[in-house]
Amino acid sequence: MIDIRFRLPDGSERRVAVAAGTTLLDASRDASVDLEGACGGNMACATCHLHVDEGWFDKLPPPSAEEEDMLDLATDWRPTSRLGCQVKLNDGLNGITVDVPRSSLLGT
Ligand code: FES
């Protein structure tokens, strides 16, 4: 299992352990993080946008050109931004930390 820590805008944290192959979007749901993810992982909304901790960002497979195009539309973009629906977790990412931008939460 892969441990993930989500840091929320209010300073609280949620932790969850998921199987390899799970996306960060699905893991956020397991962790009861209200990440919007409006298009259900079809790379058509950017509302699953997350900021990956700098120490982990380079360990991720690079984004596709399509993901980069969609990230251009993300509110609060940072150099460590990724779409949660496009990042599949693997054993090398055990312990990864991601920050949830306020703009990606449901109801914001
Ligand atoms: Fe819509 Fe990720 S859920 S782009």
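See the structure above.
**Some words on the overall build of the chain**
Link 1 in the chain: A tally of helices and strands in the chain yields three helices and five strands.
Link 2 in the chain: Counting helices and strands in the order they occur from the N terminus, the chain gives β-β-α-β-α-α-β-β.
Link 3 in the chain: Radius of gyration (C-alpha) of the chain: 12 Å, near the 13 Å computed for a compact globule of 108 residues.
Link 4 in the chain: Projected onto its principal axes, the C-alpha coordinates of the chain cover approximately 30 × 30 × 25 Å.
Link 5 in the chain: Relative to its 108 residues, the chain shows a buried fraction of 43%.
Link 6 in the chain: Pairs at least 24 residues apart make up 63% of the contacts formed inside the chain by residues separated by at least 6 positions.
Link 7 in the chain: Counting every atom, the chain has about 5600 Å² of accessible surface; 45% of that belongs to carbon and sulfur.

**Topic: the pattern of salt bridges**
Link 1 in the chain: Enumeration according to the criterion identifies five salt bridges in this entry.
Link 2 in the chain: Here E13 and R15 are joined by a salt bridge, their closest N and O atoms 3.6 Å apart.
Link 3 in the chain: Of the residues examined, R15 reaches a relative accessible area of 62% and is grouped as exposed.
Link 4 in the chain: It is possible to trace a salt-bridge network through shared partners that takes in R5, E13 and R15.

**Observations regarding the nonpolar core**
Link 1 in the chain: Membership of the largest hydrophobic core comes to 30 residues, with the highest contact counts inside it found for I4, F6, L24, V33, L89, I96 and V100.
Link 2 in the chain: Only β1 (2–7), β2 (13–18), α1 (24–30), β3 (49–52), α3 (65–71) and β5 (96–99) provide two or more residues apiece to this core.
Link 3 in the chain: Residues contacting L89, with those up to four places away along its chain left out, are I2, I4, V18, A20, G21, T22, T23, L24, A27 and I96.

**Some thoughts on the sheet that holds strand β4 (residues 81–83)**
Link 1 in the chain: With respect to topology, five strands assemble into an open sheet ordered β2-β1-β5-β3-β4, the strand pairing being mixed. Among the strands making up the open sheet, the edge pair consists of β2 and β4. The mean inter-strand angle of the sheet, taken between neighbouring strand axes irrespective of direction, is 35 degrees.
Link 2 in the chain: When β3 meets β4, the two strands line up antiparallel, connected through three bridges. Counted as the bridge partner of H49 is L83 from β4.

**Describing the pairing of β2**
Link 1 in the chain: Where β1 and β2 come together, six bridges link them in antiparallel fashion. Bridge pairing links I2 to V18 in β2.
Link 2 in the chain: Adjacent in sequence and paired antiparallel, β1 and β2 are bridged by five residues, among which G11 carries a positive phi angle near 95 degrees.

Conventions adopted
- Residues numbered from 1 in each chain as written.
- Predicted model: local features only at pLDDT ≥ 70, side-chain atom pairs only at ≥ 80, totals over all residues.
- Heavy atoms only, no water.
- Helix = DSSP H or I, 4+ residues; strand = E, 2+ residues; numbered from the N terminus.
- Rg over C-alpha atoms; globule rule 2.2 N^0.38 Å.
- Buried < 20%, exposed > 50% of the residue type's maximum accessible area, 1.4 Å probe, protein only.
- Contact = heavy atoms within 4.5 Å.
- Areas by Shrake-Rupley, 256 points an atom, 1.4 Å probe, with all protein chains shown as cover.
- Salt bridge = Lys/Arg side-chain N within 4 Å of Asp/Glu carboxyl O.
- Core = buried A, V, L, I, M, F, W, Y, C linked by side-chain atoms within 4.5 Å.
- Pairing = 2+ DSSP bridges.
- Axes fitted to C-alpha atoms, helices over the stretch in contact; angles between N-to-C directions.

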